[in-house]
Amino acid sequence: MSEGKYSSVLVIGGGISGITAAIEAAEAGYDVYLVEKNPYLGGRVAQLNKYFPKNCPPYCGLEIFFKRIKTNPRFNFFTNAEIENVSGSAGNFEVTVRINPSYVNNNCTLCNKCAEACPAERQNDFNYGMDKTKAIYLPHDLAFPMKYVIDPLTCKKMDGCSECVSACKYDAIDLNMQPETMKLNVGSIIIATGWKPYDATKIDNLGFGKYENVVTNVMFERIAANNGPTGGKIVRPDGKPVKSIAFVQCAGSRDENHLAYCSAICCLASMKQATYIREQNPDSKVYIFYIDIRAPGRYEDVYAKAKQDENIIFIKGKVAKIEEDPTKSLVVEAENAVNGEKVRQKVDMVVLATGMQPSLSEIKIPGLDVKYDEYGFVTGTDGVFGVGVASEPTEVVGANEEATAAALKAIQVLRR
Amino acid sequence: MAEEAEKMEVKEEEVKEEEEKVEPKLGVYICTGCDIDKLDIEKLVTVAEEEKAPVIKTHPALCGKEGVELIKSDIANEGVNQIAIAACSPRVKWDIFDFGGCCVDRINLREGVVWTHDIDEHTQELAEDLLRMGIGKVQKMEVPVALEEEIDKSILVVGGGISGITAALAVANAGYDVNLVEKADSLGGWAAKFSKVTPQSSPFREVEDFNIQEKIDEVNANPRISVYTSSKIDKIEGQPGQFNVSLNDGAVEFKAGAIVLATGWKPYDASKLEELGYGNPNVITNLQMEEVLSNGFKADSVAFIQCAGQRDENHLPYCSSICCMVTLKQAKLIRQQNPDSKVYIFYDHMRTPGLFEEFYRAVQDDEGIFLTKGNVKKVDINGGVVLEVEDTLLGENINVKVDKVVLATGMISSMEGVPTTKEEQAELAEKGIEFENILNLDYRQGPELPLLKYGFPDSNFICFPYETRRTGIYAAGCVRQPMGIKASMDDATGAALKAVQCVELISEGGTTFPRSGDIDFPDVFLQRCTQCKRCTEECPFGAINEDEKGTPFYNPMRCRRCGTCFGACPERIVSFKGYSVDMVSTMLKAVSVPGPEEEKPRIIAFVCENDAYPALDMSAMHKLKYSPFVRIIPVRCLGSVNTVFIADTLSKGIDGVLMLGCKYGDDYQCHFVRGSELANERMGKVQETLDRLMLESDRVQVKEVAITEYDKVPEIINEFVETIKELEPNPYKGF
Amino acid sequence: MEYVEGDPKFVRRIMDAGGGTLKKCFQCATCSVVCPLSPDENPFPRKEMIWAQWGLKEKLMADSDVWLCHQCNDCSSYCPRGAKPGEVLGALRNIQISQYSFPGFLAQAFTTPRYIWAIYALPILLLAAYFSIFGFHIPEGEVHFSHFIPHQHVELAGMIMGGYIGIAILVGLYRFWTAMGGHEIRAKEKSEFVDVGTQVKGGFIPSLIATIIEILTHNRFGKCGESKYRYFAHLGIFYGFILIFIGTNIAFAYLLMGRELNLPLTDPAKIFGNIGFILLFGGASWVIYERVVKRDTIGIGGYFDWLFLGTLWLVAFSGIVLEALRFANSIAAYWIYLVHLVVVFVLLAYAPYSKFAHLAYRTIAMTYAKYSGKDTEKTQL
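Residues numbered from 1 in each chain as written. Chains lettered and ligands numbered in written order. Predicted model: local features only at pLDDT ≥ 70, side-chain atom pairs only at ≥ 80, totals over all residues.

1. Considerations on the overall build of chain A
The helix and strand tally for chain A stands at eight helices and 24 strands. For 416 residues, the compact-globule formula gives about 22 Å, and the C-alpha radius of gyration of chain A, at 23 Å, lands near that figure. On the principal axes, the C-alpha backbone points of chain A span a range of 65 × 55 × 35 Å. A total of 416 residues make up chain A; the buried ones form 60% of that total. Partitioning the intrachain contacts of chain A with sequence separation of at least 6 by distance along the chain shows that 69% fall at a separation of at least 24. (Helix = DSSP H or I, 4+ residues; strand = E, 2+ residues; numbered from the N terminus. Rg over C-alpha atoms; globule rule 2.2 N^0.38 Å. Buried ≥ 20, exposed ≤ 12 C-beta atoms within 10 Å, placed from the backbone. Contact = placed C-beta atoms within 7 Å.)

Spelled out as structure tokens, the structure:
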């Protein structure tokens, strides 16, 4: 079907943008290689409780993506994998991929006996460090591939431990698994390396890391998720119930001292999260402190609906000071810029709507000669295309539109 | 049309003959690992023997190398080609239990039985029933054969603005032919009228030139693209891969494989904005300002009013997403053309999201541009235009007098006001309202793409923004969402991919999202059709046309294999190779129904495999438990559950039927649009059946389940079982 | 109907006066919240920023809040847009001084570097005129400044100058008070004001006294976060100056008693003077250093600020050099004495028009804020 010298596309990153770009290209008839650093596909959206504007669960879309992947012979993917080197140019790239050992093979049956036997614990990064798992663990309920994996940093095998091996009836654990390297020849590359949440400890006037009950938006998603650290019950980190929440918009965003750009999704994300607490506790009160509410296009409906709820109060004025009282509740301070009055609002919990920082702002793909803007967003080069948040802050609809477009651009390169 | 139907039936017969040549041979493989050995495996083997399975084997780890080899050698040496694997969920180990050319059924004894139930006699009976059902199912499965048809792979792009132009070039550069149709006498659309545009690329700080002429020249020079300006579509007949397109009263005809609708937008009618002063020559819209700027604009003072006639329940309820950026651009251009001028911008929220924030920062630096949040309460003419603005950031309400006011009005889809069904067309004609259709599809359900909200034919899905309710027809650009030039170009490229992908999938006999590549098209026994029109009306994708008598005509290339027609047909004349009437009946018969005195209710649950089934698997992973009286039949969509099955089921003595599917309503989750909604509607009609059988209405229920609700699904099932237990056992037991 | 009109010329004026980044503000109000000195109702500096962006001269010139600001720079350091509200308020204070000082035409000379030659030329010309009348000769032997220029002449000149600047400042302050609306407030019932926080019940005098106490304790400087150094540095400058002033007056008393003024270091006048010098010089140097080093984050200020700060520093520096040279008995001392006289003149004579006037304007503005009930701290409902 394709006439180029090399007929395949490499996608770096297996989050929703990467999966979309890869599966769309594969269904159009081209071979695709998807390389993902985590032991599972799905990226950050797998960690969301719900998406705006429909408040539907991301697992639904991911399940369908996985189905399409399962039935597509052109779709090749590698998890626990990283790019070691890229050389060449458009139409003719040589890529070295290193597959890091997960120490668990395809015999794994999810019986969980290994985890029960394992003596070591790790911070559960899926829940943003809010709880722990054993060193051998299943990444999450919809892990794809559905397999346990060992975290080499916390595993005690170097101390001679092999409890998991003894517990496993299926010979699924190989503590001597070695990294594998493989070489791929591809015609074009799609970068879908996504983002990480901005480190909120750097925002020193908002109390994150200092006050227990100040969390970030991504943490709040996990708190509200029924497979999260609290089983979906919205309580604050010190365990007390939540009757009032303040959302601090633009926390570390649109801010030269942190991320100067706008992350585009945080206004909508906060309004969505407001519905979580409002549904769980009909007497709760939500305060959203903003600079501008960015709900463009039909997303305006989300804002319109939030405004109708009289227990969701919008205040134009950025929270610039947060203090803790003896009960570990918080007082947030802002100036209501429209009526010129300072607001000091006591709330049970504060959610900082922090922004998205592109993964490639701090690390780079070895050997890949591609251009970035000043923030680390990929601007692309011949034969290399950035999608999703790797290229600009965007929500899932925009990311998937861009990813679908990139699939075509990648194909055009193959057809030169 | 009838000829075509005949042709199809003949082909299918030929195909059937081929198949009959191969002897079906069943192999039953029971895995005893993962705690399945807690069941009485010997009894399960006996069940398989009772079903006369020629090959029955057990293995402690069927998914391991040894287990797979066992099956493979049976295929090679024993001629086994129907494989029933009683082990874990079909959602795991799919790559391991992949045996090409064979029919494979996965019987879920792990997540479905031992992980979610205490081991007792009821659970054993459950396992035995599931085994029997699975054996029956696989024996009724047939290997589908792809339709071989002549497919045209060219793409029709409707609309020659920036979206249409981008889509056409994208498709051509990917190696496909394009026919580009534009109703105006030249290409370019709105973008050709803008002298300068908002920033399109990093660092997003400067107003840019936009050379659309270059792109138009590229289009005209590209040998793969044929351009038809001053043209309108009179008719599109057929199906993806075989569209017949006719332009200008039959003057031009060509084929198309897929269609991209990129007909753009039209401006909101500003004459409705009298309260903002429109009507006075000094109050203009942002679109009019574009024109004025191209001709050199002279003014001492200008005020921009954002969100004019938008985000307003009296006008457009939505935001047009790009007007803040456009106003900043126009303000900058005014100041460049008139360095002594003053420009005021009154906004509610400055919407310059993402990297567009850079442009806001850049324009703010101009000392002649004055911005404030504020609500323009009144616009008066008093020797200039006077604005009364409230709720400003200046600490008080203010009055501002300027020479000119620009209303940042919004975008409406070009499909607004276009009737999308025949009923709507008739209504408008009756009222004497003129209308014009765009695609003029010869589809029974209507001539256009169905609309989603506010007149936009958009996808309802966040993860799948190009998903469309008409296979092979994709919308791009402002016709489906208000957006700027940069987003339109990206969107058009994406739609181009989907169009190209569609023709490729269809050329292999497969369908598109979500059952991408599925070659199993519906088989229809038209001789028994009673022209009830349920399939033609209920098909979510308009795949079925009908003739004057009401006889349906199935267009397999429009079909998404959802099975809604299967579920709708009261005569049950529709079947798939992998999901047939015979198959379901066999599975239902396979359920053992103990007599009423045994107090063992039997319940069938039809479970949607997209949301509810994965939720059940996750319940299993969390070791949640539910009643052992429920036998689960996974279906591709609740819309594919035929109510006749329900009647059959109940008349066999089964006590209750539960249907678990996706959420429906405005924010529907069903990827086949209306599956669970239809199931719910049909339950209303099932009342008649229940009354006739003198059974309680509670026996049949439809419940919505989200994929993440693994904690709720066991509760739903158990509650239903309790409801059934409270009723008398089905009086039809033992009949 | 009254119309509000944007005034790009005034916007430019503020930018040129040191508020160059004011257009970057996007009204998030972070500044009003992080400012430790900002009141709860109509806090500053957010509203000043948008008034500045619109060039609303009348509002800005009548705003006493700009003087409640003590240049802590917490706002500039936290401002997400780099709009440096601290700098903008500094520029506004400078413009207010230029606006109200009397006579107005003289004020213009201090706002742009163009006239610096004239500013320094005047005292030099005056000295030249003096010497042409009284003759110029450098004395020999032990250094006695009284042999070069009689102290009585210096004191007399000082008193004439003091009288002039007193009148000029009072006129300026009166104009300022009127513009802020001080008269209207006086007309209101005093009982309307509630005693909350720093608000003072009762009239003008109690407000003024409370203000003076605040100034003496520098308690507002003490609340600064980002530029905490200013608490110490400005205390140094302030008390250094006062100590020097006391020292100078002790010397004046000696003069009146007929004593010679070649005082040893152990003399009280000298002790006051030298300790004052250490505080003044230390404070001024510290301020200069911080401004230069932090110029990107919180701003370096404009010409108006540096004219004052530089001159102040030169006064201290020339003073100590002078003392050192006197004790070393070098005749260079007489030349430095001339330099010292010139810079002291520039510092004091132009006080009503230069940044030095902040001493008076801030005092009156803080008094007004208390008197009018603006300076309150509310607790949240």
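2. Comments concerning the overall build of chain B
The helix and strand inventory of chain B stands at 19 helices and 32 strands. For chain B, buried positions account for 57% of its 735 residues. The contacts in chain B between residues at least 6 apart in sequence include a share of 71% that link residues at least 24 apart.

3. Quick word on the interface of chain A and chain B
Residue-level contacts link 63 residues of chain A with 65 residues of chain B. For the side of chain A that touches chain B, the secondary-structure elements that each account for two or more residues are helix 1 (16-27), helix 2 (58-70), helix 7 (300-308) and helix 8 (396-414) of chain A. No other element matches the twelve residues that helix 8 of chain A contributes to the side of chain A that touches chain B. In terms of residue class, the side of chain A that touches chain B is made up of 28 nonpolar, 15 polar and 20 charged. (Nonpolar A, V, L, I, M, F, W, Y, C, P; charged D, E, K, R; others polar.)

4. Thoughts on the domain arrangement of chain B
Domain boundaries in chain B define domain 1 (23-143), domain 2 (155-267 + 414-507), domain 3 (270-409) and domain 4 (580-735). Computed from C-alpha atoms alone, the centre-to-centre distance between domain 1 of chain B and domain 3 of chain B is 70 Å. (Domains from an automatic or database assignment.)

5. Observations regarding the domain arrangement of chain A
All names here are of chain A. Each assigned domain of chain A is listed here: domain 1 (8-100 + 179-196 + 357-414), domain 2 (113-167) and domain 3 (199-354). For domain 1 versus domain 2, the distance between C-alpha centres works out to 26 Å. The interface of domain 1 with domain 2 comprises eleven residues on the first partner and eight residues on the second.

6. Brief notes about the sheet that holds strand 4 (residues 81-89) of chain A
Hydrogen bonds between backbone atoms are what pair the strands of a sheet, whose relative direction is either parallel or antiparallel. Residues and elements named next belong to chain A. Here we have three strands laid out as an open sheet, ordered 4-5-10, and antiparallel in their pairing. Each edge of the open sheet is held by one strand with a lone partner, namely strand 4 and strand 10 (180-186). Taking the axes of each pair of neighbouring strands and ignoring which way they run, one obtains an average angle of 20 degrees across the sheet. Where strand 4 meets strand 5 (residues 92-99), eight bridges bridge the pair, whose relative direction is antiparallel. In the sheet register, alanine 81 faces strand 5, and the bridge partner there is isoleucine 99. (Pairing = 2+ DSSP bridges. Axes fitted to C-alpha atoms, helices over the stretch in contact; angles between N-to-C directions.)

7. Considerations on the interface of chain A and chain C
Chain A puts 19 residues into the contact, and the matching count from chain C is 19 residues. Taken together, the elements giving at least two residues each to the side of chain A that touches chain C come down to strand 18 (330-336) and strand 19 (341-347) of chain A. Among the elements that take part in the side of chain A that touches chain C, strand 19 of chain A stands out by supplying four residues, more than any other.

8. Focus: the pairing of strand 21 (residues 398-402) of chain B
Residues and elements named next belong to chain B. Burial along strand 21 is one-sided: the face carrying Ile398, Val400 and Val402 is buried and the face carrying Asn399 and Lys401 is not. Inspection of the sheet shows strand 20 (residues 385-390) paired to strand 21 by five bridges, in the antiparallel sense. Pairing of glutamate 388 across the sheet is with asparagine 399, part of strand 21.

9. What to know about helix 9 (residues 323-337) of chain B
It helps to recall that an α-helix has 3.6 residues per turn; residues three or four apart then point in one direction. Residue and element names in this part refer to chain B. With 15 residues, helix 9 ought to run about 21 Å at 1.5 Å a step, and its terminal C-alpha atoms sit 21 Å apart, in line with that. Taking burial as the measure, the 15 residues of helix 9 include twelve buried ones, the bulk of the element. Buried residues of helix 9: Cys323, Cys324, Met325, Val326, Thr327, Leu328, Lys329, Gln330, Ala331, Lys332, Ile334 and Arg335, and no others. (Expected span 1.5 Å × (residues − 1).)

10. Some remarks on the confidence of the model for chain B
With 97% of its residues at a pLDDT of 70 or more, chain B shows a mean pLDDT of 93. Across the interface, the model reports ipTM at 0.95; the global pTM reads 0.94. (pLDDT = per-residue confidence, 0-100.)

11. Things to note about the environment of alanine 496 of chain B
Note that alanine 496 of chain B resides in helix 12 (residues 485-507). Along the chain, alanine 496 of chain B and proline 522 of chain B lie 26 residues apart, while their C-alpha atoms are 28 Å from each other. Apart from the residues within four sequence positions on either side, alanine 496 of chain B is in contact with Leu408 of chain A together with Ala167, Ala170, Val171 and Val260 of chain B.

12. Overview of unusual backbone geometry
Keep in mind that most residues, glycine aside, have a negative phi and that most peptide bonds are trans. For the peptide bond that leads from serine 202 of chain B to proline 203 of chain B, omega is 5 degrees, which places it in the cis range. Relative to the helices and strands, proline 203 of chain B resides in the loop between strand 7 (196-197) and strand 8 (208-209). The residue after phenylalanine 102 of chain C, namely proline 103 of chain C, is reached through a cis peptide bond having omega -10 degrees. Relative to the helices and strands, proline 103 of chain C resides in the loop between helix 7 (85-100) and helix 8 (104-107). At arginine 254 of chain A, a position not held by glycine, the phi torsion is positive, near 55 degrees. Note that arginine 254 of chain A resides in the loop between strand 14 (244-251) and helix 6 (266-280). A residue is classified by how many C-beta atoms lie within 10 Å of it, and arginine 254 of chain A, with 27 of them, is buried.

13. Remarks on the nonpolar core
Residues and elements named next belong to chain B. With 472 residues, the main nonpolar core has Val171 and Val260 as its most contacted residues. With 13 residues, the top contributor of residues to this core is helix 12. Residues within four places of valine 260 in sequence aside, it is in contact with Ile155, Val157, Val158, Ala167, Tyr474, Ala476, Ala495, Ala496 and Ala499. If you look at the next biggest cluster of nonpolar residues, it comprises 15 residues, including Ile544, Tyr554, Cys565 and Ala568. (Core = buried A, V, L, I, M, F, W, Y, C linked by C-beta atoms within 7 Å.)

14. Digging into the pairing of strand 19 (residues 375-381) of chain B
Every regular strand shows the same layout, with side chains that alternate between the two sheet faces. Residues and elements named next belong to chain B. In this sheet, strand 20 lies alongside strand 19 in antiparallel orientation, the contact comprising six bridges. Across the sheet, residue valine 376 finds its bridge partner in strand 20, namely valine 389. If you look at the hairpin formed by strand 19 and strand 20, you'll find three residues sitting between the two strands, and glycine 383 has a positive phi there, around 65 degrees.

15. Some remarks on the sheet that holds strand 6 (residues 178-181) of chain B
Residue and element names in this part refer to chain B. Read across the sheet, five strands follow the order 9-6-5-13-24 without closing on themselves; strand pairing throughout is parallel. The sheet is open, and its two borders are formed by strand 9 (225-228) and strand 24 (473-475), each paired with just one other strand. Each strand of the sheet is rotated relative to its neighbour by a mean of 20 degrees, with strand direction disregarded. Two strands pair when backbone bridges link them, and strand 13 (residues 258-261) and strand 24 are joined in this way by three bridges, in the parallel orientation. Looking at strand 24, one finds that valine 260 is bridged to tyrosine 474. Along the sheet face, helix 6 (residues 162-173) touches strand 5 (155-158), strand 6, strand 9 and strand 13 and points at about 170 degrees away from the line of strand 6.

16. What about the packing of helix 9 (residues 116-134) of chain C against helix 18 (residues 332-349) of chain C?
Residue and element names in this part refer to chain C. For the pair helix 9 and helix 18, interaxial distance at closest approach is 9 Å and the crossing angle is 125 degrees. In terms of orientation, helix 9 and helix 18 fall into the oblique class. Like other packed secondary-structure pairs, helix 9 and helix 18 cross with a definite hand, here right-handed. Mapping the contact onto sequence places Ile119, Tyr120, Pro123, Ile124 and Leu127 in helix 9 and Leu338, Leu341, Val342, Phe345 and Val346 in helix 18. Partitioned by chemical class, the residues of the contact of helix 9 with helix 18 number ten nonpolar, no polar and no charged. (Parallel < 35°, antiparallel > 145°, perpendicular 65-115°, else oblique. Left-handed = near helix turned anticlockwise from the far one by under 90°.)

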